[in-house]
Amino acid sequence: VCSSSYLLIHRVSTCNASSTASILGLSHIMIQFPFYEWIKAELLLRDPATRPQPGGGASAEPAPPSPLSHVIAASGLSKLVASSITYPHEVIRARLQFDRGGEMYTGLVDATRKTIRHDGLMGLWLGFRLNIVRTIPQCVVTFTLYEFFASRIARLLHGAPPSLETASRDVEATRQREAPRREAP
């Protein structure tokens, strides 16, 4: 009974350690999403086609749509940066999950120390390149589809302009059709 209680406590503490590592994975999202939005905004400001005209003042018009190239660049770069910063948690989480009953590690800090001692500091990024090859294209597709469908839904619900390059032609055509209506008294 005593040894089974000991194993149960070790399994629970190991589960908690890997759960803690998983929760640390949320930092990835907290880095990636704001960085994605910042990159998109910067690209809009730097792109001559979408940059606000000097002296134009505040406009009642909504912000121009993000071209597809901006969405691709922002999603890929934000994923690369967030992954570079937070990837060590993936390595530690995996090690904790494969540790059977706390045989190798006593927790998150112990797993990190032993990984660095055994594999060096770069051991925290083992498998990073392969992960990036898999996750960046996935992220680009996901964010592109998100932007496309979000803009379509917003347009259906609120008449908001789409945010992808392919949909920007529809917005321009709508503006041209509505221009005579605005001029009429």
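Relevant structure appears above.
Residues numbered from 1 in each chain as written. Predicted model: local features only at pLDDT ≥ 70, side-chain atom pairs only at ≥ 80, totals over all residues. Heavy atoms only, no water.

Q: Can you tell me about the overall build of the protein chain, naming the residues and giving the values?
A: Assigned secondary structure in the protein chain consists of six helices and zero strands. Scanning the protein chain from its N terminus toward the C terminus, one meets helices and strands in the order α-α-α-α-α-α. For the protein chain, the residues scored as buried account for 32% of the 185 residues in total. In the protein chain, of all internal contacts separated by at least 6 residues, the share reaching a separation of at least 24 is 68%. (Helix = DSSP H or I, 4+ residues; strand = E, 2+ residues; numbered from the N terminus. Buried < 20%, exposed > 50% of the residue type's maximum accessible area, 1.4 Å probe, protein only. Contact = heavy atoms within 4.5 Å.)

Q: Kindly report on the layout of surface pockets, identifying the contributing residues and their values.
A: Roughly 250 Å³ of volume is contained in the second largest pocket. In this structure, the second largest pocket is lined by 15 residues; those nearest its centre are His28, Gln32, Lys79, Thr135 and Gln138. If one sorts the elements of the lining of the second largest pocket by residue count, helix 5 (residues 128-158) sits on top with seven residues. For the lining of the second largest pocket, the per-class residue count stands at four nonpolar, eight polar and three charged. (1 Å grid on protein atoms, 1.4 Å probe; cavity = no way out; pocket = protein on both sides within 12 Å on 5 of 7 lines; lining within 4 Å. Points joined across faces, edges and corners; volume = space filled by probe spheres on them. Nonpolar A, V, L, I, M, F, W, Y, C, P; charged D, E, K, R; others polar.)

Q: Can you lay out the side chain of Thr86 for me, pointing to particular residues and giving the numbers?
A: Within the fold, Thr86 resides in helix 3 (residues 68-98). Residue class for Thr86 comes out buried when judged on its relative accessible area of 7%. There is a polar contact of 2.7 Å between the side chain of Thr86 and the backbone oxygen of Ala82. Beyond its immediate chain neighbours, meaning those up to four positions away, Thr86 contacts Ser27, His28 and Ile31. (Polar contact = N/O pair within 3.5 Å; in protein donor to acceptor, adjacent residues only side chain to side chain.)

Q: Any chance you could break down the packing of aromatic side chains for me, citing the residues and the numbers?
A: Across all of its chains, the model carries five aromatic pairs by this definition. Here Phe33 and Phe143 contribute two aromatic rings whose centre-to-centre distance is 5.4 Å and whose plane-to-plane angle is 25 degrees, an arrangement assigned as stacked. Of the two residues, Phe33 sits in helix 2 (residues 26-46) while Phe143 sits in helix 5, which places them 110 residues apart along the sequence. Accessibility expressed as a relative area gives 42% for Phe33, which makes it partly exposed. With 5.8 Å between their ring centres and 10 degrees between their planes, Phe35 and Trp38 make a pair best called stacked. Taken as a pair, Phe35 and Trp38 lie in helix 2 at a separation of three residues, close to a single helical turn. You can call Phe35 partly exposed: its relative accessible area is 23%. (Phe/Tyr/Trp six-rings, centres within 6.5 Å; stacked < 30°, edge-to-face > 60°.)

Q: So what's going on with the packing of helix 2 against helix 3? Residues and values would help.
A: It is at 8 Å that the axes of helix 2 and helix 3 come closest, and there the two elements cross at 145 degrees. Considering the relative orientation of helix 2 and helix 3, their crossing is right-handed. Here the residues of the contact of helix 2 with helix 3 sort into 13 nonpolar, eight polar and two charged. (Axes fitted to C-alpha atoms, helices over the stretch in contact; angles between N-to-C directions. Left-handed = near helix turned anticlockwise from the far one by under 90°.)

Q: Summarise the pattern of salt bridges; cite the residues concerned and give the values.
A: Scanning all chains against the criterion turns up six salt bridges. Notably, a salt bridge pairs Arg46 with Glu42, separated by 3.0 Å at the nearest N-O pair. In this pair, Arg46 and Glu42 are both assigned in helix 2, four residues apart and thus about one turn of the helix distant. The class for Glu42 is partly exposed, based on a relative accessible area of 22%. Across the pair Glu90 and Arg93 runs a salt bridge whose closest N-O atoms are separated by 2.4 Å. Pair noted here: Glu90 and Arg93 are both in helix 3, with a separation of three residues, about one helical turn. We classify Glu90 as partly exposed; its relative accessible area is 31%. Salt bridges sharing common partners tie together Glu37, Lys40 and Glu147. (Salt bridge = Lys/Arg side-chain N within 4 Å of Asp/Glu carboxyl O.)

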